[in-house]
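Below, each chain spelled out in residue letters.
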Amino acid sequence: MNRGVIHVDESPVPLERWRRFLPNWLKRYLPVRGGRSEDHHGKAIFGFTVFLLSESIVFLSFIFTYVGLRLTHSRNWLPPGVSGPELSTFVIINTVVLLSSSFVIQPAENSLKHDHIQKFRWLWLITICMGSYFLIGQGIEWSKLDFGLSTGLVGSTFYVLTGFHGLHVLTGVILQITMLVRSFIPGNYEKGHFGVSAATLFWHFVDIIWVFLFSLLYLWQA
Amino acid sequence: MTHESSENIIINREPSNELENNWRQYLSFSTDHKVIGVQYMVTTFIFFLIGGLLAMLIRAELITPPSNVVDRPLYNGLFTLHGTIMIFLWIIPFNAGISNYLVPLMVGARDMAFPLLNAISFWMIPPSGILLISSFLLPNGTAQSGWWSYPPISLQIPPGQPINGEFIWIVSIVLIGISSIMGAVNFVTTIFWMRAPGMTFFRMPVFVWSVLSAQLLQLVNLPSLTGALILLLFDLSLGTQFFKPLENGDPIIYQHLFWFYSHPAVYIMALPAFGIFAEVLPAFSRNPLFGYRSLAIASLGIAIVSIFVWVHHMFTSATPSWMRMLFMVTSMLVAVPTGVKAFGWTATIWKSKLHLETPMLFAMGGAAMFLLGGVTGVMLAAVPFDIHVHNTYFIVGHFHYIVFNTITMAIFAAIYFWFPKITGRMYAEGWGKIHFWLTFIGANLTFFPMLPLGLQGMVRRISSYEPRYQGWNIVASLGGFLLGVSILPFIANMVGSCLYGQRASNNPWLATGLEWQTTSPPPRDNFEEIPVVKRPPYDYGDPKYSVIEPPDYHQQENHSR
Ligand code: HEM
Ligand SMILES: [Cu+2]
């Protein structure tokens, strides 16, 4: 695929490969001497990564608010009669499904890179199912909780954090469905597949964020 | 003389292309970064005029001690929208506009990295701005809690009005923020990926370095404001309790998130201005920029330090003393890279023969005024002094010395400097000079009185004050009206010169930047052939490249050479 001109794999010795890692990376992502504008795929992925960096700061600001409120208001964190989000097996299974989907989507992207389009479609479909499972699971969990959005700080923070993350999962799934549909249009993935790479990156991003949210919301018990 | 090899400056004085007067393209959805740049600049200038009108209403109210011109809720709305418009709809998007126009030209690219995204970023601005301003028409008026929108004040809205001024305010600022983030992604990718062959990082003009630093700040810091505003919106309309002190929420957290963006925001506004000084000062003193590398790196340095100073806005917000100490020190550290900048500008024009054309006047005026803005800033960084003048007009004086006397002056310098490139015509020098002197005098008359007023204890955000403050207030108000008048020769000059100005050559200032190597205005793809860059950016004075004789700026003689 159209991945630029630097091939890190050419070196036979693994050590040598690592020694060249930084110079290669610099040349690839910060073309130090200019003149790399034809690499449209690399450019687009760079831009998308930069965007995700920015997006993670929005999550960070929510997490900062959560931790700040939690530390200064530990006494009245839970209003009377409310037990807070519970670390049930249901939640754990949901989490495991979401996190393991990262290990499905990466081989999917790789197989497209090697032109195994059929394999790509199957793995991609599995990822879509896993993501949708998580979304439905979260909906069920929400409906069973004994507090609402305006029930004290626990309600405000829990629903906003999980809701904002869920919105990202939904976006990721929609992106994936679009890419799956597009793979049936003949000739679509011959000139590179920025959309698939971006969707993959986005999915990893969503998963990493969930690791943090899961630890903060469920493992850090009152 | 004719075109020389790509290593040398083109010093022919004849325009090499036909001027086509295709003004309709500016009203269309274009993906050309030059069209988008002009669209940004003209749109934000209109917002600047609106913000200026609000300012004149504020100054009219403050000319007499009692509150008599506008009522208090309206006064609150006036200063809220004045600040919001000037920051979010004038300086920040104007910088995006001029950067849009210049960065691809300066790095030798045919367009921005993502042209479609670029157009979308621009077209989000006018609707958001109109939405914001239209909130004056709501039955209870526009937002009244200042451009900070601190809770709990911003959450105290009259009941029974689902769509209120504060709601509209938050929605428009979030929209403008999304536009800025998309723009930042575009700028950073363009600067990393679209440079012409040979355009190494240390051959980029300082303006490009400044844009890069400012846009990195947008990426890292702006999302924290967006996050804070989303939570504020939920508090306002969905019954959550993040920032409501009476329901266990914590308004101080909002202040942290707000200033984590809004302090660096001052550098998002100021860095491009510093970049403009670095382009204009060498060109009009025919000297290479002094300490090019240190100035380039200082841009990044300012950006990085400014991420770690936001608490100096919260010295009086129940901040623990260790935190005050820490942030006092980091705030004062900002003075180091900014000092490098100021030293570089001074050394550049030191002992040179100055050409005092309008862009140079504005650049020198702006750079000189930054001295007072920066010094008052360092004074404010000292905790005891800040506690003394906090919430007084001293603050207002300080930041207007920065945002108007420095940044807006730099913006005018940029408009005059690149006007021939953008329009292919020359502006009228005499009118430009009149504009400069009216602005310079008006600005100092308006903003200097605020410093003594603040030291004497006049509180900000009030529509009536004790009579003993009236003297300085009259001076400030008259200065403010003078500033209002000063914009008229500017508009006349711009409109008139666009239509009837003398045809400008490709490089009227004999400057060294890549943008001057193409035609005025540049063709759709910027360069006939992508240049290969072989020389450093500011080689004025190097006998190998530069023109020794003083340039003939306005082509008084005939065109045949
Ligand atoms: C370079 C461009 C600068 C701009 C555009 C700028 C702008 C501003 C603005 C808008 C405010 C008012 C905040 C408010 O509404 O409460 C402010 C306050 C302040 N500025 Fe600056 N400033 C700049 C440079 C500096 C520097 C260099 C320093 C320190 C070294 C500094 C230190 C402060 C402090 C401590 C305050 C807070 C005062 C208070 O509210 O008690 N500023 N500045
Ligand atoms: Cu600050």
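Residues numbered from 1 in each chain as written. Chains lettered and ligands numbered in written order. Predicted model: local features only at pLDDT ≥ 70, side-chain atom pairs only at ≥ 80, totals over all residues. Heavy atoms only, no water.

## Some words on the UniProt feature "domain: Cytochrome oxidase subunit I profile" (unreviewed entry) in chain B
Here is step 1: The sites that carry the UniProt feature "domain: Cytochrome oxidase subunit I profile" (unreviewed entry) are, in the present numbering, residues 23-534 of chain B.
Here is step 2: Secondary structure content for residues 23-534 of chain B is 67% helix and 0% strand, and the end C-alpha separation is 36 Å. (UniProt positions renumbered as here; feature names shortened; annotations may be inferred. Helix = DSSP H or I, 4+ residues; strand = E, 2+ residues; numbered from the N terminus.)

## Let's talk about the pattern of salt bridges
All names here are of chain B.
Here is step 1: Using the criterion set out here, one finds six salt bridges over all chains in the structure.
Here is step 2: When the shortest N-O distance is used, the salt bridge between lysine 34 and aspartate 32 registers 3.2 Å. Per residue, the accessibility class of lysine 34 equals that of aspartate 32, and both read buried.
Here is step 3: The shortest N-O distance in the salt bridge between glutamate 466 and arginine 468 comes to 2.9 Å.
Here is step 4: You can call glutamate 466 partly exposed: its relative accessible area is 43%. (Salt bridge = Lys/Arg side-chain N within 4 Å of Asp/Glu carboxyl O. Buried < 20%, exposed > 50% of the residue type's maximum accessible area, 1.4 Å probe, protein only.)

## Remarks on the coordination of the iron atom of ligand 1
Here is step 1: Of all protein atoms, just one serves as a donor to the iron atom of ligand 1, and that atom is His398(B) (NE2), at 2.4 Å.
Here is step 2: Tracing the backbone shows His398(B) in helix α12 (residues 393-423). (Donors = N, O, S within 2.8 Å, 3.2 Å for Na, K, Ca; no water.)

## Some points on the nonpolar core
Here is step 1: Core analysis: the biggest nonpolar cluster contains 233 residues, and Trp124(A), Leu229(B), Ile407(B), Phe417(B) and Trp418(B) have the highest contact counts within it.
Here is step 2: Examining the composition of this core, we find that 22 residues originate from one element, helix α6 (residues 251-285) of chain B, more than from any other.
Here is step 3: Ignoring any residue separated from it by four or fewer positions in sequence, one finds Ile407(B) in contact with Ile91(B), Val266(B), Met269(B), Ala270(B), Ala273(B) and Ile402(B). (Core = buried A, V, L, I, M, F, W, Y, C linked by side-chain atoms within 4.5 Å. Contact = heavy atoms within 4.5 Å.)

## A short note on the coordination of the copper ion (ligand 2)
Residue and element names in this part refer to chain B.
Here is step 1: The protein atoms that coordinate the copper ion (ligand 2) are His263 (ND1), His312 (NE2) and His313 (NE2), at distances of 1.8 to 2.0 Å.
Here is step 2: Between the two metal centres, the copper ion (ligand 2) and the iron atom of ligand 1, the spacing is 4.4 Å. Of this pair, histidine 263 sits in helix α6 while histidine 312 sits in the loop between α7 (292-306) and α8 (321-333), and the two are 49 residues apart along the sequence. The same class applies to histidine 263 and to histidine 312, which are both buried.

## Examining the interface of chain B and chain A
Here is step 1: Listed per partner, the contact involves 38 residues of chain B and 38 residues of chain A.
Here is step 2: For the chain B and chain A pair, buried surface summed over both sides reaches about 3100 Å², with 73% attributable to carbon and sulfur atoms.
Here is step 3: Among the residues chain B hides against chain A, the three largest losses belong to Trp193(B), Phe242(B) and Asn248(B). Together they make up 25% of the total.
Here is step 4: Inspection of the region where chain B meets chain A yields zero salt bridges.
Here is step 5: At the junction of chain B and chain A, the tally comes to six residue pairs in polar contact (both at pLDDT 80 or more).
Here is step 6: Those elements that place two or more of their residues in the side of chain B that touches chain A are α4 (165-193), α5 (206-237) and α6 of chain B.
Here is step 7: Tallied by class, residues from the side of chain B that touches chain A come to 24 nonpolar, eleven polar and three charged. (Buried area = accessible area lost by both parts, 1.4 Å probe. Polar contact = N/O pair within 3.5 Å; in protein donor to acceptor, adjacent residues only side chain to side chain. Nonpolar A, V, L, I, M, F, W, Y, C, P; charged D, E, K, R; others polar.)

## Notes on empty space enclosed by the protein
Rolled over the atoms, a probe sized like a water molecule indicates the empty space that remains.
Here is step 1: Under the criterion given, the structure shown has seven cavities of 30 Å³ or more.
Here is step 2: Considering only enclosed or pocket space, the largest cavity measures out at about 140 Å³ in volume.
Here is step 3: If you go around the largest cavity, you meet 15 residues; those closest to its centre are Ile92(B), Ala96(B), Ser180(B), Gln215(B) and Gln218(B).
Here is step 4: Broken down by secondary-structure element, the contributors of at least two residues to the lining of the largest cavity are α2 (72-107), α4, α5 and α6 of chain B.
Here is step 5: Here the lining of the largest cavity takes five residues from α4(B), the largest share from any one element.
Here is step 6: Residue composition of the lining of the largest cavity, grouped by class: nine nonpolar, six polar and no charged.
Here is step 7: When its volume is computed, the second largest cavity comes out at roughly 100 Å³.
Here is step 8: As for the second largest cavity, its lining consists of 14 residues, of which Arg70(A), Trp77(A), Pro85(A), Val154(A) and Leu217(A) are closest to the centre. (1 Å grid on protein atoms, 1.4 Å probe; cavity = no way out; pocket = protein on both sides within 12 Å on 5 of 7 lines; lining within 4 Å. Points joined across faces, edges and corners; volume = space filled by probe spheres on them.)

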